[in-house]
Amino acid sequence: MPFLAASPETLDITSNAIAAEARKGLTAHPRSLSPWLFYDEAGSRLFEQITELPEYYLTRTERGIFAAHADEILEQAANGDKQTLTLIELGAGTATKTGILLAAALRRQGSVVYQPVDVSETALAVASENIQANFPGVTVRCQVADYTRDPLPLDRLPGLRTLALYIGSSIGNFSPADATSLLRNVRSQLLPGDKLLLGTDLGPSANKSEATLLAAYDDAAGTTAAFNLNVLHRLNRDLGADFDLDSFSHKALWNPVHSRIEMHLESHTHHRVHIPANAAGPALTLAFSPGESIHTENSYKFTPARIAALLQSANFNIAKSWQDTNHLFAVTLATAV
Ligand code: AVJ
């Protein structure tokens with residue numbers, strides 16, 4: 001893979017990090033697991049399936065906004081003048097959603113340097129291969145990093161204006177405070193005038209009922225349930241835990257106080273789960289009672305005012321924003337102040 005960031009060894013999630021995260025979350029009350037644990041190979045595949053579900057409007061709606069406005073987004077990002085953009089993408093994964101924007105960048109400037117950032121070296125290898133096969137004018141520089149924790153390892157290319165992409169409602173997994181620190185980290189790597197394109201899901205409104213929101217996280221085919229339960233399967237495999245998946249069920253709920261969808265795994269019996277000793281600490285026995293749940297994800301939903309406040313808290317000003325005609329999803333272009 002071209003231009004891989006220098007790293008001592010792969011930064012792909014280590015079983016140590018999984019052990020530490022599971023220990024911390026599962027021994028807390030209420031119990032929780034961090035959503036990054038979802039994305040092992042099976043989980044990533046299930047998430048891809050989620051993005052194609054009839055109930056999961058987010059991905060196709062954001063794609064529709066890009067399809068309708070990509071040229072304008074790129075023009076605005078380049079301040080309408082002759083500035084050349086380099087695109088960086090946080091949590092790029094396999095970069096399947098980025099094609100429309102890269103194509104618009106190519107129409108504008110003929111060639112473009114694209115810097116996908118992700119913790120998964122494997123996902124980046126796929127991204128790099130896909131992009132280079134489909135967009136010969138794009139130079140891919142993969143950057144392996146955990147952007148939630150580390151400073152972004154960006155190449156500041158002389159003379160180029162940076163457009164940072166944080167799309168797909170990924171910001172929705174973070175509490176308001178964590179979302180602000182994350183965007184401040186991004187801002188610290190940008191120069192005044194550089195741009196950020198942020199994709200956010202919107203909360204319930206006249207156009208979107210709570211039922212629509214909930215269905216996106218509790219689909220009829222059970223794909224989201226399988227995605228949620230897969231985290232237990234992962235802990236069984238990676239940590240030697242003995243979670244019985246039949247003892248838990250998928251729960252999605254709307255929390256209006258925090259404006260977020262929550263996903264939980266709810267135990268329906270009295271039972272114990274064992275996790276053998278590992279590098280993160282001694283063996284654990286967890287006693288679950290009926291109705292007790294593990295909180296596995298928050299997915300925050302925004303209003304235009306909340307998006308503006310969040311961006312402002314990280315020193316960005318809104319340049320322009322776009323929504324689909326049904327006002328389900330927002331794409332916001334912001335300028336680094
Ligand atoms: C990848 C965080 C945007 O919150 O909608 C999908 C993950 N969880 N279905 C989201 C997810 C359940 C997704 N994000």
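It should be noted that the structure appears before, not after, this text.
What you see is a predicted model; the values in this text were computed from it and never measured.

K.L.:
Can you explain the environment of Ala 20? Please cite residues and give values.
P.N.:
Tracing the chain through its elements places Ala 20 in helix H1 (residues 15-27). For Ala 20, a relative accessible area of 38% gives the class partly exposed. Considered as a pair, Ala 20 and Gln 143 are 123 residues apart in the sequence and their alpha carbons are 25 Å apart.

K.L.:
If you had to explain the site of the ligand to someone new, which residues and values would you point to?
P.N.:
By nearness alone, 13 residues border the ligand, and Tyr 56, Gly 168, Tyr 217, Glu 297 and Ser 299 come closest of all. Contact between the ligand and Tyr 56: an oxygen atom at 2.5 Å from a side-chain N or O atom of the residue. Protein contact buries 96% of the 350 Å² of open area that the ligand shows by itself. Residues belonging to the shell around the ligand are distributed by class as follows: eight nonpolar, four polar and one charged.

K.L.:
Tell me about the nonpolar core, and please be specific about residues and values.
P.N.:
In this structure, Leu 197 and Phe 243 are the most contacted members of the largest nonpolar core, which totals 71 residues. A total of eight residues in this core trace back to one element, the largest contributor, which is helix H3 (residues 57-77). In this structure Leu 197 touches Phe 66, Ile 73, Leu 101, Leu 163, Ala 164, Leu 165, Tyr 166, Ile 167, Trp 322, Val 331, Thr 332 and Leu 333, once residues within four positions along its chain are discounted. Residues Leu 90, Leu 182, Ala 314 and Phe 316 belong to the second largest nonpolar core, which totals 29 residues.

K.L.:
Report on helix H2 (residues 41-50), specifying residues and quantitative values.
P.N.:
In an α-helix there are 3.6 residues to a turn, and that puts residues three or four apart on one side. Regarding H2, the residues found buried are Gly 43, Leu 46 and Ile 50. Buried residues along H2 cover an arc of 60 degrees about the axis, so they all sit on one side. Those residues of H2 hidden inside the fold are in contact with helix H8 (223-239).

K.L.:
Could you give an account of the sheet that holds strand S9 (residues 260-267), naming the residues involved and the relevant values?
P.N.:
Sheets are built from strands that pair by backbone hydrogen bonding, the pairs being arranged parallel or antiparallel. If you trace the four strands from one edge of the open sheet to the other, you get S1-S12-S9-S8, paired in mixed fashion. The open sheet has two free edges, formed respectively by strand S1 (31-32) and strand S8 (248-255), since each of these has just one partner strand. Here S9 runs beside strand S12 (residues 293-300); their pairing, made up of seven bridges, is antiparallel. In the strand pairing of S12, Leu 265 is matched with Ile 294.

K.L.:
A description of the packing of H2 against H8 should follow, citing residues and the corresponding values.
P.N.:
Running from N to C, H2 and H8 cross one another at 160 degrees; their axes reach a closest spacing of 9 Å. When the axis of H2 is compared with that of H8, the two are roughly antiparallel. For the crossing formed where H2 meets H8, the hand is left-handed. Only Thr 223, Thr 224, Ala 226, Phe 227 and Asn 230 of H8 make contact with H2, whose side of the interface consists of Ala 42, Gly 43, Leu 46, Phe 47, Gln 49 and Ile 50. Classifying every residue of the contact of H2 with H8 by side-chain character gives six nonpolar, five polar and no charged.

K.L.:
Before we move on, could you go through the pattern of salt bridges and cite the residues and values that matter?
P.N.:
Counted under the stated rule, the structure contains 14 salt bridges. Close ionic contact of Arg 237 with Asp 238 constitutes a salt bridge, the shortest N to O distance being 2.9 Å. A relative accessible area of 48% places Arg 237 in the partly exposed class. Look at Asp 238 and you get partly exposed, because its relative accessible area is 28%. Residues joined by salt bridges that share partners form a network here, namely Asp 40, Arg 234, Arg 237 and Asp 238.

K.L.:
If you had to explain the packing of aromatic side chains to someone new, which residues and values would you point to?
P.N.:
A complete count under the given rule lists ten aromatic pairs for this structure. Between Tyr 39 and Phe 47, the aromatic rings sit 5.9 Å apart at their centres with planes inclined by 80 degrees, giving edge-to-face as the arrangement. Residue class for Tyr 39 comes out partly exposed when judged on its relative accessible area of 33%. For the ring pair Tyr 39 and Phe 227, a centre distance of 5.7 Å and an interplane angle of 65 degrees mean the geometry is edge-to-face. Here Phe 227 lies in helix H8 and Tyr 39 lies in the loop between S1 and H2, a separation of 188 residues in the sequence. Judged by its relative accessible area of 3%, Phe 227 falls in the buried class.

K.L.:
Quick rundown of the packing of helix H6 (residues 176-188) against helix H9 (residues 304-313)? Include the residues and the values.
P.N.:
Running from amino to carboxyl end, H6 crosses H9 at an angle of 50 degrees, the nearest separation of the two axes being 8 Å. With respect to H9, the axis of H6 lies oblique. By crossing handedness, the relation of H6 to H9 is classed as right-handed. Where H6 abuts H9, its residues Pro 176, Ala 179, Thr 180, Leu 183 and Arg 184 lie against Arg 306, Leu 310, Leu 311 and Ser 313.

Rules and cut-offs
Residues numbered from 1 in each chain as written. Predicted model: local features only at pLDDT ≥ 70, side-chain atom pairs only at ≥ 80, totals over all residues. Heavy atoms only, no water. Helix = DSSP H or I, 4+ residues; strand = E, 2+ residues; numbered from the N terminus. Buried < 20%, exposed > 50% of the residue type's maximum accessible area, 1.4 Å probe, protein only. Near = heavy atom within 4 Å. Polar contact = N/O pair within 3.5 Å; in protein donor to acceptor, adjacent residues only side chain to side chain. Areas by Shrake-Rupley, 256 points an atom, 1.4 Å probe, with all protein chains shown as cover. Nonpolar A, V, L, I, M, F, W, Y, C, P; charged D, E, K, R; others polar. Core = buried A, V, L, I, M, F, W, Y, C linked by side-chain atoms within 4.5 Å. Contact = heavy atoms within 4.5 Å. Arc of directions from axis to C-beta. Pairing = 2+ DSSP bridges. Axes fitted to C-alpha atoms, helices over the stretch in contact; angles between N-to-C directions. Parallel < 35°, antiparallel > 145°, perpendicular 65-115°, else oblique. Left-handed = near helix turned anticlockwise from the far one by under 90°. Salt bridge = Lys/Arg side-chain N within 4 Å of Asp/Glu carboxyl O. Phe/Tyr/Trp six-rings, centres within 6.5 Å; stacked < 30°, edge-to-face > 60°.

So, to be careful, I would describe these as geometric facts and stop short of saying anything about function.
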